[in-house]
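Next come the chains, spelled out residue by residue.
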Amino acid sequence: LSLILLLSYGISRATTSALQEYRNAVFANVAQDAIRRVGRQVFDHIHSMDYHFHTSSRNTGHLSRILDRGNRSISFVLNAMVFHIAPTI
């Protein structure tokens, strides 16, 4: 009986890990697609701005940090909505 319980526990742990990896793989495609779309829209918007915007700011790294933080926040919000908020509703 204890051997059966031990094997059942091992199989259930392996199945849980495999399903979590599958979930992460599927979600990665969705999150990357959303980030890519928003990033493209932001890129187009930045390039459509006038010349004065690009030359008046000497802090060019600040804009890239903002864009990077925005991309990371999109992934975080999607993850929270899909895996934490939606299942409770």
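Residues numbered from 1 in each chain as written. Predicted model: local features only at pLDDT ≥ 70, side-chain atom pairs only at ≥ 80, totals over all residues. Heavy atoms only, no water.

Considerations on the overall build of the chain
Scanning the chain from terminus to terminus reveals three helices and zero strands. The burial tally for the chain puts 6% of its 89 residues in the buried class. Of the roughly 7,700 Å² of accessible surface on the chain, 63% is carried by carbon and sulfur atoms. Across the chain, 9 positive and 5 negative side-chain charges occur, with their mean positions spaced 6 Å apart. (Helix = DSSP H or I, 4+ residues; strand = E, 2+ residues; numbered from the N terminus. Buried < 20%, exposed > 50% of the residue type's maximum accessible area, 1.4 Å probe, protein only. Areas by Shrake-Rupley, 256 points an atom, 1.4 Å probe, with all protein chains shown as cover. Lys, Arg positive; Asp, Glu negative; His and termini not counted. Charge placed at Lys NZ, Arg CZ, Asp CG, Glu CD.)

Describing the pattern of salt bridges
Taken as a whole and judged by the stated rule, the model has four salt bridges. Salt-bridge contacts for Asp-33 lead to Arg-37; the nearest nitrogen and oxygen are separated by 3.4 Å. Remark: Arg-37 and Asp-33 occur in helix H1 (residues 2–48); sequence separation between them is four residues, near one turn of the helix. Residue Asp-33 is classed as partly exposed on the basis of its relative accessible area of 30%. What makes Arg-37 exposed here is its relative accessible area of 55%. In the salt-bridge network here, residues are joined through shared partners; they are Asp-33, Arg-36 and Arg-37. (Salt bridge = Lys/Arg side-chain N within 4 Å of Asp/Glu carboxyl O.)

A look at the packing of aromatic side chains
With the rule as written, the count across this model stands at one aromatic pair. Taking the ring centre of Phe-83 as reference, the NZ or CZ of Arg-23 above it sits at 4.3 Å. (Phe/Tyr/Trp six-rings, centres within 6.5 Å; stacked < 30°, edge-to-face > 60°. Lys NZ or Arg CZ within 6 Å of the ring centre and 35° of its normal.)

Brief notes about a nonpolar patch on the surface
A surface patch of nonpolar side chains, amounting to about 650 Å² of accessible area, comprises Phe-76, Val-77, Met-81, Val-82, Ile-85 and Ile-89. Among the secondary structure elements, Val-77 is positioned in helix H3 (residues 60–88). (Patch = residues over 30% accessible without salt bridge, like charges linked within 9 Å, V, L, I, M, F, W, Y side chains within 5 Å.)

Some details on the confidence of the model for the chain
On average, residues of the chain carry a pLDDT of 86, and 97% of them reach 70 or more. Across the chain, the secondary-structure element scoring lowest on mean pLDDT is helix H2 (residues 51–56), at 78, and the one scoring highest is H1, at 91. (pLDDT = per-residue confidence, 0-100.)

Examining the environment of Ser-48
Position of Ser-48 among the secondary structure elements: in helix H1. Residues Ser-48 and Arg-37 lie eleven residues apart in sequence; the distance between their C-alpha atoms is 17 Å.

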